[in-house]
Amino acid sequence: MLDLLGDGGFNEWRLMFLSPFGRTLLLCALGLCLLALGLTWRGYRRERRLGRRLLLTLLRGGAFGCAFVLLAQPAIQLRHVTRIPNHVAVLVDDSQSMGLAERAGGPTRAARAAELLKRSRSALDALGKDHRLDYYRFSETLAPATLAELTAPAPPKGAGTRLREALALVRGRHAGRDLAGIVVISDGADNGLFGSAGLDAPNRDFVRALDTPVHTVWTGRAGLKDIAIAGVKADEFAFVHVAVTVEALLKVEGFEGRELTVTLRRDGEVLRTRTVIADQAGTVTVPFEFTPDRLGKFVYTLETPVLEGEAVRDNNVRHFVLNVIRDKVRVLQVSGRPSYDERFLRAMLKRDPNVDLISFFILRTPSDVTLVPNDELSLIPFPTEELFERELKSFDVIILQNFTYRPYGMAPYLARIKSFVEEGGALAMIGGDLSFSSGGYAGSPVADVLPIELLPEEADATRLLNVDPFRPRLTAAGRNHPITAIKLDVRENEARWNALPLLEGVNRVGPAKPGATVLATHPFLTTDNGQPMPVLVAGGAGQGRSLVFTTDTSWHWSFLAAGQGGAAAQAGDDGRTFVKFWDNAIRWLIRDPALRYLRVDTDKAEYEHGQTARLGVRAWLPDYRPARDLPVTLTVTPLKPPGAAPAAPALSTASRTDAEGEVKVEFVPPQPGAYRVVARATLSGRPVTDENVFVVALAGRELGDPAAREDTLRAVAKASGGRYLGEITTLPALPMHPPRVVRIGKHRDIELWSRWFMLPMALGLLTIEWVLRRRWGYI
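Everything in this summary refers to the structure shown in the same document. (Residues numbered from 1 in each chain as written. Predicted model: local features only at pLDDT ≥ 70, side-chain atom pairs only at ≥ 80, totals over all residues. Heavy atoms only, no water.)

1. Here's the deal with helix 19 (residues 710-720)
Of all the positions in helix 19, only T712, L713, V716, A717, A719 and S720 are classed as buried. Within helix 19, the buried residues cover an arc of 170° as seen down the axis, which keeps them to one side. With its phi angle positive at about 85°, G721 sits one or two positions after the end of helix 19. (Buried < 20%, exposed > 50% of the residue type's maximum accessible area, 1.4 Å probe, protein only. Helix = DSSP H or I, 4+ residues; strand = E, 2+ residues; numbered from the N terminus. Arc of directions from axis to C-beta.)

2. Describing unusual backbone geometry
Of note, F436 is a non-glycine position whose phi angle comes to about 50°, a positive value. Tracing the sequence through the fold places F436 in the loop between strand 19 (426-430) and helix 13 (445-449). In this model, D629 sits at a positive phi of 55°, which is unusual for a non-glycine residue.

3. Thoughts on the packing of aromatic side chains
Remark: the centre distance and the inter-plane angle together describe each pair of aromatic rings, the angle taken between the planes. Taken as a whole and assessed by the stated rule, the structure comprises 16 aromatic pairs. Where W557 meets F581, the ring centres are 5.4 Å apart and the plane angle is 85°; that geometry is what we call edge-to-face. With W557 in helix 15 (residues 556-563) and F581 in helix 17 (residues 577-589), this residue pair connects regions lying 24 residues apart in the sequence. Taking relative accessible area as the criterion, W557 reaches 1% and is therefore assigned buried. Taken together through their ring pairs, the aromatic side chains of W497, F549, W557, F581 and W582 make up a single cluster. Positioned above the aromatic ring of F298, the side-chain terminus of R266 is 5.5 Å from the ring centre. The ring of F395 has R330 sitting right over it, with the charged end atom 4.6 Å from the ring centre. (Phe/Tyr/Trp six-rings, centres within 6.5 Å; stacked < 30°, edge-to-face > 60°. Lys NZ or Arg CZ within 6 Å of the ring centre and 35° of its normal.)

4. Some remarks on empty space enclosed by the protein
Counting across every chain of the model gives 1 cavity of 30 Å³ or more. Computed from the structure, the largest cavity encloses a volume of approximately 90 Å³. In terms of lining, the largest cavity is formed by 13 residues, of which the most central are V92, D93, A110, R137 and P153. When residues of the lining of the largest cavity are traced back to their parent elements, those giving at least two are strand 3 (86-93) and helix 4 (109-119). The element that contributes the greatest number of residues to the lining of the largest cavity is helix 4, accounting for 4 residues. (1 Å grid on protein atoms, 1.4 Å probe; cavity = no way out; pocket = protein on both sides within 12 Å on 5 of 7 lines; lining within 4 Å. Points joined across faces, edges and corners; volume = space filled by probe spheres on them.)

5. Some details on the sheet that holds strand 5 (residues 142-145)
Sheet strands pair via backbone hydrogen bonds, and the direction of the pair is either parallel or antiparallel. An order of 5-4-3-6-7-34 is seen for the 6 strands of this open sheet, with the pairing classed as mixed. For this open sheet the edge positions go to strand 5 and strand 34 (724-726), each flanked by a neighbour on one side alone. Averaged over all adjacent pairs, the angle separating strand axes in this sheet is 25°, with direction ignored. In terms of strand pairing, strand 3 meets strand 6 (residues 179-186) through 6 bridges, oriented parallel. What sits directly across from L91, in strand 6, is V184. Lying on the sheet, helix 7 (residues 163-172) is in contact with strand 3, strand 4 (131-138), strand 5 and strand 6; it crosses strand 6 at an angle near 155°. (Pairing = 2+ DSSP bridges. Axes fitted to C-alpha atoms, helices over the stretch in contact; angles between N-to-C directions. Contact = heavy atoms within 4.5 Å.)

6. Notes on the sheet that holds strand 10 (residues 244-253)
Read across the sheet, 3 strands follow the order 8-10-13 without closing on themselves; strand pairing throughout is antiparallel. Of all strands in the sheet, those with a lone pairing partner are strand 8 (226-233) and strand 13 (283-290), marking the two edges. If you compare each strand with its neighbour and ignore which way they point, the axes differ by 25° on average. The pairing of strand 10 with strand 13 spans 8 bridges and is antiparallel. Counted as the bridge partner of K251 is T283 from strand 13.

7. Let's talk about the side chain of T657
Checked against the element boundaries, T657 lands in the loop between strand 30 (651-656) and strand 31 (662-667). Only 2.6 Å separates the side chain of T657 from the backbone oxygen of A627, close enough to count as a polar contact. (Polar contact = N/O pair within 3.5 Å; in protein donor to acceptor, adjacent residues only side chain to side chain.)

8. Things to note about the pattern of salt bridges
Tallying each qualifying case throughout the model produces 24 salt bridges. The salt bridge involving R109 is made with E102; its shortest N-O contact spans 3.0 Å. Two residues, R221 and E727, come together in a salt bridge whose shortest N-O distance is 3.5 Å. Linking R221 in the loop between strand 7 (214-218) and strand 8 with E727 in the loop between strand 34 and strand 35 (740-751), this pair joins segments that are 506 residues apart in sequence. By relative accessible area, E727 is classed as partly exposed at 48%. Shared partners join several salt bridges into a network, and the residues in it are E102, R109, R112 and D187. (Salt bridge = Lys/Arg side-chain N within 4 Å of Asp/Glu carboxyl O.)

9. Regarding the pairing of strand 8
The element strand 8 is extensively covered by neighbouring structure, given that 6 of its 8 residues are classed as buried. Relative to strand 10, strand 8 runs antiparallel, the two being bridged by 7 bridges. Bridge pairing in strand 10 places I229 opposite L250.

10. Side note on a nonpolar patch on the surface
A cluster of nonpolar side chains, namely W41, L50, L54 and L58, defines an oily patch on the protein surface of about 400 Å² accessible area. In terms of residue count, the dominant contributor to the nonpolar patch is helix 3 (residues 50-72) (3 residues). Relative to the helices and strands, W41 is located in helix 2 (residues 23-43). A residue is classified by how much of its surface remains accessible, and W41, at 32% relative accessible area, is partly exposed. (Patch = residues over 30% accessible without salt bridge, like charges linked within 9 Å, V, L, I, M, F, W, Y side chains within 5 Å. Areas by Shrake-Rupley, 256 points an atom, 1.4 Å probe, with all protein chains shown as cover.)

Following this line, the structure appears as structure tokens:
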């Protein structure tokens with residue numbers, strides 16, 4: 001046959017039938033021949049000599065065979081066929097988990113893959129005779145490579161293993177049978193679609209739809225030792241003062257049965273510690289329940305100590321960002337006695353569905369004379385300890401309205417109020433004859449967090465009060481401040497303030513403290529330095545805010561303004577100024593994001609190492625128009641644990657806002673960890689600041705669960721019709737789709753049936769059978 005192929009330039013042959021009858025008819029004829037042969041054998045069943053029976057049957061079968069050859073007319077077709085080699089894709093895992101070794105000093109998974117390819121050169125050369133070999137590295141993406149590069153690889157750097165995505169990209173490069181097959185060399189630590197859902201029904205359908213065999217080689221081995229915080233189950237948001245549960249998913253390899261400690265921190269501060277024991281399953285869910293007591297975005301950290309012999313150390317720590325927001329604003333209102341001011345403010349806060357109000361006003365003091373025991377009175381004693389010790393941190397705002405602390409044994413708790421403000425809470429003090437210096441607050445811890453200086457207490461308390469009617473005057477800062485923004489337009493806002501009803505009575509106070517903002521002053525009273533006396537002042541203390549309003553007659557802006565005509569009516573005031581003013585004040589005290597003039601955001605809260613962080617800054621003018629062409633500085637600084645030296649900024653840039661008041665910056669964090677973004681600008685002569693946080697994963701999903709998984713590779717091979725090769729050291733011969741035939745150049749048919757001896761042979765066989773039948777006594 002080789003001589004026939006070589007003679008005439010043919011390179012392929014095949015058996016064919018030249019009969020004019022169809023294949024169906026030929027199959028029927030063949031079936032009849034076999035049936036007749038079977039009946040012949042059965043017909044000689046009485047013949048005891050097996051040799052005679054077999055000879056007679058073979059003679060008739062030979063005759064039937066010659067007849068079938070004459071009917072089918074078999075021939076050999078010699079052809080010259082032009083074939084285009086199809087492609088075999090060799091995919092080698094280049095993710096970080098391939099750089100791991102199961103034992104110290106042992107080969108890494110990547111080294112096993114490289115050694116396998118070195119030892120398989122002859123098998124690859126044989127495969128390359130009929131196919132084109134395409135080599136790739138794959139991790140999160142698919143990248144072409146050469147065999148030389150794969151046999152001497154650099155340390156794997158891919159941050160994830162996406163096998164399904166890589167198979168889809170390879171399949172997309174070839175149509176139909178142009179892809180003869182795929183060879184995958186991996187540790188199976190998939191964290192893409194195969195890893196998250198396993199080889200479920202949709203994934204199995206995907207593998208079958210590849211329409212090509214996928215042969216898989218496992219480079220992993222048993223014996224890896226590692227503890228990893230593989231994941232964190234936490235909501236993006238949490239409510240302040242509401243318990244929240246965070247779950248850490250702990251993956252344990254090689255340390256089953258060991259006692260492990262897991263710690264939860266917030267900005268480096270230890271919140272909770274749990275001790276667990278890993279079972280044989282190797283997966284432990286560790287829940288942490290805590291109650292956020294501060295608003296804002298915070299970096300939380302879950303960590304477990306590194307044990308000796310661990311393959312990966314970075315995956316023992318995991319950061320995540322939790323945005324603590326308000327469900328409702330929780331306000332504590334304490335008033336020294338019932339009054340119109342207390343009544344109007346309490347009613348306004350109760351009507352607001354976003355406010356959870358706890359209100360106390362004093363109807364009797366401990367010094368009041370009673371003729372019955374306290375336990376028989378319907379008026380309960382003022383709950384000092386419960387409010388200012390056990391429940392203090394659950395409030396967002398404390399309003400001390402014409403209230404003196406002295407009769408209620410509150411002196412020991414004033415320091416707690418100071419700490420409450422400095423740690424992020426808010427305090428508002430409203431005037432009256434029991435407030436400020438008249439209430440004994442001068443020199444107290446509470447005075448330290450107020451934005452004004454208090455006058456020394458005097459024996460004649462009336463000297464600390466003024467009862468004359470007055471109308472507050474807005475300062476330059478007050479014209480643009482969100483607290484005093486009754487109207488959006490600055491001119492309309494000032495006209496509204498000038499048309500408000502007069503207030504009656506004010507507490508005498510000293511000047512504002514440095515850094516405080518005076519929003520309104522008295523029209524004729526002055527401080528010792530000759531400056532107008534403050535009436536409305538806003539300021540900060542530590543991480544919190546405080547506000548003072550030195551009069552207890554703001555209710556005039558509701559009750560009297562509603563029935564007042566003239567300028568107030570022309571300004572459109574129907575008594576809503578009171579509500580708008582106190583709504584603004586509460587929102588400013590709690591740092592409502594809607595009142596910020598500068599805001600910095602990130603496109604994501606968590607990035608993988610090497611990803612680009614997109615930072616955006618927006619600035620508004622006091623009337624909330626975009627602040628165009630505003631100089632803005634942006635600083636990104638790594639967060640360090642408490643006690644560590646401050647880190648140098650990873651980014652510091654100065655820009656100007658565009659026509660929409662925005663600045664956009666792209667930045668690649670240099671290393672994993674937590675970062676704080678701070679934006680600064682000067683708006684209307686006043687510095688404004690905003691900040692945000694984000695994290696760069698110390699160990700992403702790739703090293704978060706680095707255990708090798710042969711089950712994934714086995715399932716992929718089975719679903720595709722390929723072979724799972726397991727822990728091999730050399731590639732064997734693998735079945736692939738044959739190359740595609742492009743064109744048949746020429747052919748020649750060599751007839752096998754048209755031989756002169758075929759008919760005489762059939763007749764001779766039948767004659768011999770007849771003669772033998774007669775001699776052996778068969779008719």
